[in-house]
Every structure is written in C-alpha cells, then in structure tokens.
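Fold and contact review
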There are 2 protein chains.
Amino acid sequence: MTMPAPFYPGAPSTPSKQKKMNKDEFIQALTQLGKDRYHSLHPFHKLLHSGQLSFEQVQAWALNRFYYQWSIPRKDLTLMARINDVDLRLEWRSRVIDHEGDIDGNGGIKRYLQLCETLKLDLDYVKSCKGLLPASRFAVDAYVNFVGSRSLLEAIASSLTEIYAPAIHAERISGLSKHYEWANDYALAYFKTRIGQARKDVEFGREWVIENALTRDDQEAVLGAVRFKTEVLWAQLDALYYAYVAPGFIPPGAFVPNGFAERSWS
Amino acid sequence: MTMPAPFYPGAPSTPSKQKKMNKDEFIQALTQLGKDRYHSLHPFHKLLHSGQLSFEQVQAWALNRFYYQWSIPRKDLTLMARINDVDLRLEWRSRVIDHEGDIDGNGGIKRYLQLCETLKLDLDYVKSCKGLLPASRFAVDAYVNFVGSRSLLEAIASSLTEIYAPAIHAERISGLSKHYEWANDYALAYFKTRIGQARKDVEFGREWVIENALTRDDQEAVLGAVRFKTEVLWAQLDALYYAYVAPGFIPPGAFVPNGFAERSWS
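Conventions we followed
- Residues numbered from 1 in each chain as written.
- Chains lettered and ligands numbered in written order.
- Predicted model: local features only at pLDDT ≥ 70, side-chain atom pairs only at ≥ 80, totals over all residues.
- Heavy atoms only, no water.
- Salt bridge = Lys/Arg side-chain N within 4 Å of Asp/Glu carboxyl O.
- Helix = DSSP H or I, 4+ residues; strand = E, 2+ residues; numbered from the N terminus.
- Contact = heavy atoms within 4.5 Å.
- Buried area = accessible area lost by both parts, 1.4 Å probe.
- Polar contact = N/O pair within 3.5 Å; in protein donor to acceptor, adjacent residues only side chain to side chain.
- Nonpolar A, V, L, I, M, F, W, Y, C, P; charged D, E, K, R; others polar.
- pLDDT = per-residue confidence, 0-100.
- Buried < 20%, exposed > 50% of the residue type's maximum accessible area, 1.4 Å probe, protein only.
- Phe/Tyr/Trp six-rings, centres within 6.5 Å; stacked < 30°, edge-to-face > 60°.
- Lys NZ or Arg CZ within 6 Å of the ring centre and 35° of its normal.

**Points about the pattern of salt bridges**
Residue and element names in this part refer to chain A.
- According to the stated counting rule, one finds 26 salt bridges over all chains in the structure shown.
- Aspartate 98 is the partner of lysine 200 in a salt bridge, and the nearest nitrogen-oxygen pair spans 3.4 Å. You can see lysine 200 sitting in helix H10 (residues 185-212) and its partner aspartate 98 sitting in helix H4 (residues 86-100), a full 102 residues away along the chain.
- Residue glutamate 154 pairs with arginine 150 through a salt bridge whose shortest N-O separation is 3.2 Å.
- A cluster of three or more residues bridged by salt bridges with shared partners is formed by Arg95, Asp98, Glu162, Arg194, Lys200 and Asp201.

**Focus on the interface of chain B and chain A**
- Contacts between the two partners involve 45 residues from chain B and, on the opposite side, 45 residues from chain A.
- Carbon and sulfur atoms make up 71% of the area that chain B and chain A hide from each other, which totals about 4,300 Å².
- Put simply, chain B and chain A have two salt bridges between them.
- A salt bridge links glutamate 231 of chain B to arginine 137 of chain A; the nearest nitrogen and oxygen atoms lie 3.1 Å apart.
- Here chain B and chain A share six residue pairs in polar contact (both at pLDDT 80 or more) between them.
- Counting residues per element, the ones that place at least two in the side of chain B that touches chain A are helix H1 (23-37), helix H2 (43-49), helix H3 (55-80), helix H5 (108-118), helix H7 (134-149) and helix H11 (216-244) of chain B.
- A total of eight residues in the side of chain B that touches chain A trace back to one element, the largest contributor, which is H11 of chain B.
- Class assignment for the residues of the side of chain B that touches chain A results in 30 nonpolar, five polar and 10 charged.

**What about the environment of tyrosine 186 of chain B?**
All names here are of chain B.
- Relative to the helices and strands, tyrosine 186 is located in helix H10 (residues 185-212).
- Separated by 72 residues in sequence, tyrosine 186 and glutamine 114 have C-alpha atoms that sit 6.5 Å apart.
- Beyond its immediate stretch of four places on either side in the chain, tyrosine 186 contacts Gln114, Glu117 and Thr118.
- A polar side-chain atom of tyrosine 186 sits 2.7 Å from a polar atom in the side chain of glutamate 117.

**As for the confidence of the model for chain A**
Residues and elements named next belong to chain A.
- Summing up the model confidence of chain A, the mean pLDDT is 92 and the portion of residues at 70 or higher is 94%.
- Here residues 1-12 is a poorly scored stretch, pLDDT under 50, and it has 25 contacts once near neighbours within four places are set aside; other chains count.
- Scored by ipTM, the complex comes to 0.91, with pTM at 0.93.

**Some thoughts on the side chain of arginine 37 of chain A**
- With respect to the helices and strands, arginine 37 of chain A occurs in helix H1 (residues 23-37).
- By relative accessible area, which is 15% here, arginine 37 of chain A ends up buried.
- For arginine 37 of chain A, the contacting residues outside a window of four places in its chain are Arg227, Thr230, Glu231 and Trp234 of chain A together with Pro252 and Gly253 of chain B.

**Side note on the packing of aromatic side chains**
All names here are of chain A.
- One pass over the structure, following the stated rule, counts 34 aromatic pairs over all chains.
- With centroids separated by 6.0 Å and ring planes inclined at 85 degrees, the aromatic side chains of tyrosine 112 and tyrosine 190 adopt a geometry described as edge-to-face. One end of the pair, tyrosine 112, is in helix H5 (residues 108-118); the other, tyrosine 190, is in helix H10, and 78 residues separate them in sequence. For the pair tyrosine 112 and tyrosine 190, a shared accessibility class is recorded, and that class is buried.
- When the centroid spacing of 6.5 Å and the interplanar angle of 80 degrees are considered together, the rings of tyrosine 112 and phenylalanine 191 count as edge-to-face. Of the two residues, tyrosine 112 is situated in helix H5 and phenylalanine 191 in helix H10; the sequence distance between them amounts to 79 residues. Each member of the pair tyrosine 112 and phenylalanine 191 is classed as buried.
- Within the aromatic cluster, the residues linked to one another by ring pairs are Trp61, Phe66, Trp70, Tyr112, Tyr190 and Phe191.
- The residue whose ring lies beneath arginine 95 is tryptophan 92, and the NZ or CZ to ring-centre distance is 3.7 Å.

This is the structure in structure tokens:
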C-alpha cells in the first residue's frame, strides 16, 4: 500500500516550484495567518473578553491555561538545548527568565498564579495539573515535542504567534477589567507585564526567521509551524468550550467547578 | 517557587505506602478503570452505535479515527525499538503485521480504508491527514510519545485498553449493521477481524504486565498508563462531538462535510 510522502501531517509538502516570497510578501503571509487563525477569534475568548463567562468558567480557563504557562519555559529550554550558536542561546535565555524569574523567582509563572489565587483556585491543585482537560495537556505537549523534533527553523518559527499576542493581551486586560469585579492589577499582573516582553521577543524571532528562511520551502515550513501553533492554541479553547460552555461534558477526572454536575458516564 | 514533585502530570505519585495488590485485586482495578472511563461510555459512541449520527457525521468520525489506526503500528514500532528481549519483540511483531499486513499488505489499515471508501471519503484526502481535527492529532501523538518516553512497563501497560475493546467492537458491528444502510461486511471488515486479534493481544499483554509489576508503585504506574490511554481515546471523541455534533464549531482547516457550514471566525 502506498502512502503519500511525507507521511507526517504538517510536514512541508512536496518541494515547491513557487518563487521565494520577498520580505514584504512573507510578512504579509504571516500576518494573514494570524487574521485567519489566531485564537483571539475563538468564541471562548469572545465570551471571556466580553464578560459573558461565569466565575467558575473563568476558573476552568485559568486552571487549564496554567499548563501552557508552565510549559513555555520547558519548551524554550528544549529549543535552547538544540542550539549550537551561543549568541542565539543567550538571546533566547531571557524568555526563560521572563517566565521563571531571576534568582528571586518573580517571573511570569508566579504572576500567573496571582490570577489563579484571585480566582480562589487551590494553588496546589493548579500546580499538580490533576484537573486539566486531557486535551489541554495533549495540545501543550504537542508544542514542546514539535520544538524538540522539527527543524530549528520550524522550532523557532512556532513562537511567532507572539506577533499577534500583544493585541490579545491588551484586549484581555481591558475586557476583563471592565466586566469582572475580581479583575484587579494583582490578578492581571501577568498579562500587563507580558505585553512589553512579547513585543521584544517577537522582533528578534521574526527577524531571525526572515533571515534564515532561505528558500520558498523554508518559508512554507515557517508558515506551517505558525499554523501548527495556532492549532495548539485553538484546540485548548475548543476543549474548554466543549467541557464548560456547551454541551458542557466534562471528561472523567477533569476539574468540576462549583455548580457543575459531576457526570457519571457509566 | 517550589512545585510538587514529580512535575510531569500523569507520572506516578509519591511512593506509595500501600500494600501490593494481589492478582485478583489488580485485575479488578484494571477492569474498574474500563467501567469508569473507557470510550464506549462516550456520548459520541452512544450516538454512533444507536444510529443517531448522519452519514456526514460518521464520515468525520472515520476520517479522524484513521489517524489513530494509522499511528498504531508507529506506536508499536516505537515500543519494539526500546525492547531488548528478542522474544518479547517477536511476540509484539504480530501486532504490526495485523495492522500493516504481511508482504501482501492486506492488514487492518487496508481494511479500515474500506470503511472510508464506503463512506465516500476521498482516500487520498484521508491518507494526507489534512482534514484532521488538530485535537485528534495531538491525542494520538501523545500516545506515541508516551510509549517512547515512559518506562517499558508503562509503555506496554498503555495497550491494555484492549481488555475492553472486543466488547466495543461487537457493539459497534451490531449497532452499525442495524442502523446504517451502508454498513455491510466490506465496510466493517476491520472491526470484524479485530475482535479476535485484540483478544489474543490482550491475554499476552495483561499477563506480561501482571508479572512485571513487582511493587505497588509499579501497579499504580500501570493503572496510570491505562488511565492516560483512556484519556487519549476519550479526547478524540470529545473533539468530534464539539466539532460535528454540538456546538458544531469546526476548527479552521478541518474537514467540512457536505451540508456543514464553512465558518469564518474572523
């Protein structure tokens, strides 16, 4: 039985005969991907940012999103371990410090836990990852594995969704502050700090990728990596919507907020 | 900032002080996991097996399930590559042959494609994996990665959901035959053949695991591996339900059956 090559879904398709894009076209293609697929468009985020989620639904979001937050430094360290160029490694190091903190430990993860605390989640439970939707875990782990197994160009390119991130952070801060009583500076500290960090990271990453995508196939591989990453982000919200909005079927073992029925499937 | 060890979700918890289960108790614990969490309990399967899905919804199921089918030999080969004991490798080899076929190539994957063909899916599209729900891909890849990265005991144990499989295959064959006009012997050949194969595989796997789970912690690791695997199966159906039943939000890029609206999220 013959199968089309390459078998692995998401791998760049057969060699392209198309011309390499110039810098403007390439940036335009990257921008368009965000307009079509970034998770700011997801119905769950629309509900979240317009104040239409209950306290318990926001809890479920924060709890599941923690695993993403928590895994980003693992992802960056996985990437750094594959980089031979010390300058590039040094450049990347600040991302880990941004999330994990310097010696003081006051990084993004700690700020993110302030949100969880404000939402009255048990922090040990959050950190145990025991209440995660399995789909959240699978999506985030797929990201870490992608960065560990694909070409360095694709691995770095997968971080380029940061291009679209400052806008969603700004929208989130203003939406949450407006609609939810609990959404004070302490709770939103992670997102407020992150806006500036993402801007700095994305400028470096985008320039590096543009410079190192030497052929049209490289450029397509970059776009494929960014598309993959939008799927990682989108799938997490699909799972939240399914479990906690509609139809509201919480998978066995996942977090059951107050007022939600613990369903027996058997 | 301290985090509870071990950080990785799903890893066995802190050393147990509980007594090792005897063989009957251990088998009982494995059986109970299936009763509580096997995907035969999932609402999507209940709809499928009772004839309540449209032709197009069944198409979406078959298309997504293909990736699981297609990845099982990759999973088994990943496992075999880690096994030093030639006898055990030989024992495991028949699983790959069952799926991929012998020299003739007439294995389970080919029989599974008969189902896709009957459902009027474009087989090149199916095999390209381009229309998959990202959540299907992430869940299945998590399984392959689990088998490649966990202890050999956990890797082998994760296949033990086969204990529960013959019953669901029987239920599926009778349910589909009864309710769907297209469900003839040609379409269902995969499931019909699989019943006997799964029985043979599970007897070997269960005995091996029982013999090699030497401590209570080993036994808990086995139960954790089986629980993980039920999550892999369950998450695939959650994603199908969400995208094709309710609320019916198909993620960008995934298969849009006839009569389903291609939704623009932007």
